[in-house]
Amino acid sequence: MTINRSTIFYTLTDEAPMLATYSLFPIIKKFTKPAAIEIISSNISIAARTLSKFSSYLREDQKISDDLYKLSQLIIKPYINIIKLPNISASLPQLINVISELQLHGYKIPDFPENPKTEKEKLIKIKYSQLIGSVVNPILREGNSDRRIPVSIKNHARKNPYYIKKWSPNSKTHVSCMNKGDFYANEKSITLNKSCNIRMELLYSNKKILILNKKISLLKDEILDSSFLSKKLLCDFYENQIKHAHKNDLLLSLHLKSTMMKKSDPIIFGYAIKTFYKNVFIKHEKIFKKLNININNGLSSLFNKIKILPKNKYEEIMYDIKKCNINGPSFAMVDIKKGISNLHAPNHIIIDSSMATMIRNGGKMWDKIGNEKETKALIPDSTFAKIYQEIINFCKKNNLDPSIMGTVQNIGLMAQKSEEYGSHDKTFKIPYDGIARIVDIYNNDVLIEQHVKKGDIWRVCQTKDESIKNWIILAINRAKQTNIPTIFWLDTKRPHEFEIIKKIRSFFKKYNIKDIKNIQIMSKIDAMNFTLKRLINGQDTISVTGNVLRDYLTDLFPILELGTSSKMLSIIPLLSGGSLFETGSGGSAPKHVEQFLRENHLRWDSLGEFLALLSSLECLFIKTNNKKANILSKTLEIAINKLLDYNKLPSPIVNELDTRESQFYLTIYWAQALITQKLDKDLNYFFTPFFNALMKNQNKIIKEFKDIQGKSVNIGGYFMPINKLINNAMRPSKTFNKLLNLI
Ligand SMILES: NC(=O)C1=CN([C@@H]2O[C@H](COP(=O)(O)OP(=O)(O)OC[C@H]3O[C@@H](n4cnc5c(N)ncnc54)[C@H](OP(=O)(O)O)[C@@H]3O)[C@@H](O)[C@H]2O)C=CC1
Ligand SMILES: O=C(O)CCC(=O)C(=O)O
Ligand SMILES: [Mg+2]
């Protein structure tokens, strides 16, 4: 595929951002037309990805193109310019729902074979497994990230601070993590002095060898880590914490990242359920095995599977589950009305957002009758968990006030599947006691070995030298541009981070970088303290972190500063020279869709999309000298500021301003800015009649937007709604549509 240098790819994703795209995309297409910019929609939703993966099962007229594959080919082109909205990283239960919905739509794709027997079924399972977890982001993120809150948005938040709940200095809320046997304790890390290919193998009884990954290619100077988490010590940890929480009347909550860490974290999640409901699992082991229950998918999948049992057996199991609930601490709830707890599905509580939300909420989560309670936040692996305890300690002593807070920006290492987030294909549940080994294929040298036991989780991570250097340069450039203290969050005590520190030091030495006094390396705990002290005093700080902390901090600080991470600017300069602009740094807000379907009010805030578009247009101008793109970008900035000044952002309350109306106001302000700019007459002429017509019809259009709210709406599907229905729902103003069609 050849790309026009004036092309912008705009992704169509899932849930709330997908709904918002149906209304915003036609507006963007019209506005960019006079600048000869082509905006191409790329459907990377979980439904589209599923259909393209199972294309051979479809009728010719049902087949769709594999847009994610196309983007993955284009990502290496220097002119690529992509706007990427958040998409679903599916858990298995979610994927099963996607499959059922597509089948209902008439797509004859196969069922998910949980227990494959034939070769064909095994192949189907492998293909489906490729759709689980965070699939899209690691493919598109061929660069490191620069995430920050734009100045205008920060100023707006200071003037209109959202309410952040105060912490009691006596709050019992705390983080509990393992103090031995976890990934942190067991990590080994080396930097390779030559390129090589390795395999991952398990040496077990009588010198038998099980190959787990037959070939991983490594480059010279790449960092290679190996670590494992002990099943036994994890389960001991859970037992103790459950007892402690019960004794101290604390709500238990479990914070993992089962989407990004799609191999390890569902297992860690499953062990928590098995420990909490130990008696149930011991007593009903045989039945559960027969029913093929995989508890890593959560309690709801267990509840579904036992439904087929005879009534008395079903009731016996449910009674035993209830007994554990009564005799143990309560678990944090996700949806009180529906009785959905933290343990129902692995993707319901996702650490980056869940810990930040709990902290914003004064350290409390909800129990099953809706009481706010202090919580024991379980984050089993201690590698990053301690930063949360540090901020909790801080919140108990200090007041976080969004009206005076500074800001925390982030430069995140993530290119080329860096670190833990690229370890899907290198993570295994160990089937036998033995020695986990990383072996150089060429000469059979063992590079790293570790003694593991059945049930342990073994993980290998890679981080390329090129990615690290690019990340260091990004950090240096930001530090120079902003003069803001720039802190690498790295511990000399952790083997992997020590390897990174060595690289940073040698980079600084090699390029004789001495004059940047505001760059420092600090342990994660020191960095957190340093940053928080500055934050509450209104001072700004740049955090420079690895991939996991990038994810955690770019939800944590925006959620504290703004109440949400959706208003972030997230720029990824790709290693190849192209650019990826992510909209916000949060997720796809399933709760918003629920509300939308119930009362036709969408609360999704598209500010993230507006900001990404602004940067994308600016980038297009810089690369192609398309002056109209520059004007579009500058005027969009004016429009965004106006949107903030007039507070035309969506409200969460039905019958008030929602996503569609907010996007309409942006349209007016953008058109107005275009007709008042003096640099390009064509753009004046192009937008003047449109702007006048919008003004003339403004009341009528707003009424059309308001009239439809308050009633339920049907869009014919959740993962793959029917085009016509969703278009009608998201573009309800006939007057606005007509005016837009005229330009
Ligand atoms: N980049 C990506 O592709 C990412 C994808 N995900 C995926 O998103 C899904 C949901 O994840 P979850 O952890 O629930 O987190 P979400 O960020 O989707 O939702 C948490 C809450 O954040 C608020 N929020 C998020 N975005 C916006 C927005 N644009 N406007 C207004 N409010 C917003 C909403 O809270 P409220 O309305 O109460 O204010 C929302 O309920 C998962 O499938 C996950 O895999 C998650 C992170 C990143
Ligand atoms: O890809 C995902 O599942 C989540 C990504 C994410 O949370 C982030 O990068 O901030
Ligand atoms: Mg995140």
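Our structure is the block above this text.
Residues numbered from 1 in each chain as written. Chains lettered and ligands numbered in written order. Predicted model: local features only at pLDDT ≥ 70, side-chain atom pairs only at ≥ 80, totals over all residues. Heavy atoms only, no water.

(A) Representation of the packing of helix α1 (residues 15-32) against helix α26 (residues 723-730) within the structure. Viewed as axis vectors pointing N to C, α1 and α26 meet at an angle of 75°, and their least axial separation amounts to 9 Å. In terms of orientation, α1 and α26 fall into the roughly perpendicular class. On α26, the residues touching M18, L19, A20, Y22 and S23 of α1 are N723, I726, N727 and M730. Across the contact of α1 with α26, the residue classes tally to six nonpolar, three polar and no charged. (Axes fitted to C-alpha atoms, helices over the stretch in contact; angles between N-to-C directions. Helix = DSSP H or I, 4+ residues; strand = E, 2+ residues; numbered from the N terminus. Parallel < 35°, antiparallel > 145°, perpendicular 65-115°, else oblique. Contact = heavy atoms within 4.5 Å. Nonpolar A, V, L, I, M, F, W, Y, C, P; charged D, E, K, R; others polar.)

(B) Here's a closer look at the nonpolar core. Ranked by internal contacts, the top residues of the largest apolar core, which has 60 residues, are I37, I640, W670, F690 and F736. With residues near it in sequence (within four places) discarded, W670 still touches F31, L613, L617, L632, T635, L636 and A639. W167, L400, Y421 and L549 belong to the second largest nonpolar core, which has 46 residues in total. (Core = buried A, V, L, I, M, F, W, Y, C linked by side-chain atoms within 4.5 Å. Buried < 20%, exposed > 50% of the residue type's maximum accessible area, 1.4 Å probe, protein only.)

(C) Examining the site of ligand 2 more closely. Residues in contact with ligand 2, as listed here, are S89, S134, N137, R141, R147, K257, T259, M260, D352, R550, D551 and S585. The side chain of K257 places a nitrogen or oxygen atom 2.8 Å from an oxygen atom of ligand 2. D551 is positioned such that a nitrogen or oxygen atom in its side chain is 2.8 Å from an oxygen atom of ligand 2. When ligand 2 is considered free in solution it has 300 Å² of accessible area, and contact with the protein chains removes 89% of it. (Near = heavy atom within 4 Å. Polar contact = N/O pair within 3.5 Å; in protein donor to acceptor, adjacent residues only side chain to side chain. Areas by Shrake-Rupley, 256 points an atom, 1.4 Å probe, with all protein chains shown as cover.)

(D) Representation of the side chain of S42 in the model. Within the element layout of this structure, S42 appears in strand β2 (residues 38-43). Sequence-distant contacts of S42, that is, excluding residues within four places in its chain, are made with F9, Y10, T11, L12, D67 and L71.

(E) Representation of the site of ligand 1 within the structure. Residues in contact with ligand 1 amount to 19 residues; listed here are only the nearest, G586, G587, A589, H592 and D605. The separation between an oxygen atom of ligand 1 and a polar main-chain atom of S89 is 3.2 Å. A distance of 2.9 Å separates a nitrogen atom of ligand 1 from a polar backbone atom of D605. Protein chains shield 79% of the accessible area of ligand 1, which is 890 Å² for the free molecule. Of the residues belonging to the shell around ligand 1, the class tally is six nonpolar, 10 polar and three charged.

(F) Broad picture of a positive patch on the surface. Taken together, the side chains of K231, K274, K289, K429 and K454 make up a positively charged region of the molecular surface. Turning to its location among the elements, K429 is positioned in strand β16 (residues 427-429). A relative accessible area of 43% means that K429 is categorised as partly exposed. (Patch = residues over 30% accessible without salt bridge, like charges linked within 9 Å, V, L, I, M, F, W, Y side chains within 5 Å. Salt bridge = Lys/Arg side-chain N within 4 Å of Asp/Glu carboxyl O. Lys, Arg positive; Asp, Glu negative; His and termini not counted. Charge placed at Lys NZ, Arg CZ, Asp CG, Glu CD.)

(G) Structural context of the sheet that holds β2. Reading across from one edge, β2-β1-β3-β24-β23-β4-β15-β22-β20-β21 is the order of the 10 strands in this open sheet, with mixed pairing throughout. Because the sheet does not close on itself, it has two edges, and the strands there are β2 and β21 (519-522). When the angles between neighbouring strand axes are averaged without regard to direction, this sheet yields 20°. As paired strands, strand β20 (residues 486-489) and strand β22 (residues 541-545) are joined by three bridges and run parallel to one another. Note that in β22 the partner of I487 across the bridge is S543. In this fold helix α22 (residues 607-624) packs onto β1 (7-12), β3 (81-84), β23 (569-573) and β24 (579-583), with an angle of close to 165° to the strand it touches most, β24. (Pairing = 2+ DSSP bridges.)

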